[in-house]
Amino acid sequence: MSGAGKKVADVAFKASRTIDWEGMAKMIVTEEARKEFSSLRRAFEEVNSTLQTKFSQEPEPIDWEYYRKGLGSRIVDSYKEYYDGVEIPKFVDTTTPKYKPKFDELLVELKEAEQKSLKESERLEKEIADVQELKKKLSTMTADEYFEKHPELKQKFDDEIRNDYWGY
């Protein structure tokens, strides 16, 4: 098997194992999107299957002796010479090196954004818990208990009372 063909088949096989089709399907809302997703999955599996079968096998070697018997030695040797002279160029990836640093930089930004998001989620969950606790206690809470949790409001109200400001 050629190196490039085997590599394509290996990459396609690995990609098919890492795709969470069921997880993505759960996120789809509309029926039209489900149909499109289903056809995408079918197309991917067809291409992957083709890659696995077509590129996972070594080509059968040519039986030059068989052709020499039927066609003659001179013409078969000529074809063999041309066949042996054919060089399939190796694929040289010039794109990945250009974009790899940008991709790595984006991965770092992604990790930072993920950490910020997790911290913000924790903060919001704590705030939600505090509000729910306050909501439960609100009917039986005294003003002193409330001001104990919110000293800035106590200061504001005390200043307004001291200055004889009643809001009108």
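Provided above is the structure to which this section pertains.
Below is a short write-up of the structure. Only a predicted model underlies this, so the values are computations on that prediction, with no experimental measurement involved.

**As for the overall build of the protein**
Tallying secondary structure elements over the protein gives 8 helices and 0 strands in all. Of the regular secondary structure in the protein, the N- to C-terminal order runs α-α-α-α-α-α-α-α. Burial statistics for the protein: of 168 residues in total, 8% are counted as buried. Of the contacts formed within the protein by residues at least 6 apart in sequence, a portion of 46% connects residues at least 24 apart. Carbon and sulfur atoms make up 58% of the accessible area of the protein, which totals about 15,300 Å².

**Re the packing of aromatic side chains**
Applying the stated criterion across every chain yields a total of 6 aromatic pairs. Look at Y66 and Y67: their rings are 5.2 Å apart centre to centre, the planes differ by 80°, and that puts the pair in the edge-to-face class. By relative accessible area, Y66 is classed as exposed at 54%. Measuring from ring centre to ring centre gives 6.2 Å for Y146 and F147, while their planes differ by 65°; the resulting arrangement is edge-to-face.

**A look at a nonpolar patch on the surface**
On the surface, I62, Y66, Y67, L71, I75, Y79 and Y83 cluster together into a nonpolar patch covering about 780 Å² of accessible area. Of all elements in the fold, only α4 (64-71) and α5 (73-85) reach the threshold of two or more residues within the nonpolar patch. Secondary-structure assignment places Y79 in helix α5. The exposure class of Y79 is exposed, given its relative accessible area of 54%.

**Some words on the pattern of salt bridges**
In the structure shown here, the tally under the stated rule is 14 salt bridges. Between R34 and E31 there is a salt bridge, with the nearest N and O atoms lying 3.6 Å from each other. Taken together, the positions of R34 and E31, both in helix α3 (residues 31-55) and 3 residues apart, correspond to about one turn of that helix. Exposure remark for R34: the relative accessible area of 38% places this residue in the partly exposed category. A salt bridge links E127 to R123; its shortest N-O distance comes to 2.8 Å.

**Brief notes about the packing of α4 against α5**
Helix-helix packing is characterised by the crossing angle of the two axes and by the distance between the axes. Running from N to C, α4 and α5 point in directions that differ by 145°, and their axes come no closer than 7 Å. Seen from α4, the contacting residues are W64, Y67, R68 and L71; seen from α5, they are S73, I75, V76, D77, Y79, K80 and Y83. Tallied by class, the residues present in the contact of α4 with α5 amount to 7 nonpolar, 1 polar and 3 charged.

Cut-offs applied
- Residues numbered from 1 in each chain as written.
- Predicted model: local features only at pLDDT ≥ 70, side-chain atom pairs only at ≥ 80, totals over all residues.
- Heavy atoms only, no water.
- Helix = DSSP H or I, 4+ residues; strand = E, 2+ residues; numbered from the N terminus.
- Buried < 20%, exposed > 50% of the residue type's maximum accessible area, 1.4 Å probe, protein only.
- Contact = heavy atoms within 4.5 Å.
- Areas by Shrake-Rupley, 256 points an atom, 1.4 Å probe, with all protein chains shown as cover.
- Phe/Tyr/Trp six-rings, centres within 6.5 Å; stacked < 30°, edge-to-face > 60°.
- Patch = residues over 30% accessible without salt bridge, like charges linked within 9 Å, V, L, I, M, F, W, Y side chains within 5 Å.
- Salt bridge = Lys/Arg side-chain N within 4 Å of Asp/Glu carboxyl O.
- Axes fitted to C-alpha atoms, helices over the stretch in contact; angles between N-to-C directions.
- Nonpolar A, V, L, I, M, F, W, Y, C, P; charged D, E, K, R; others polar.

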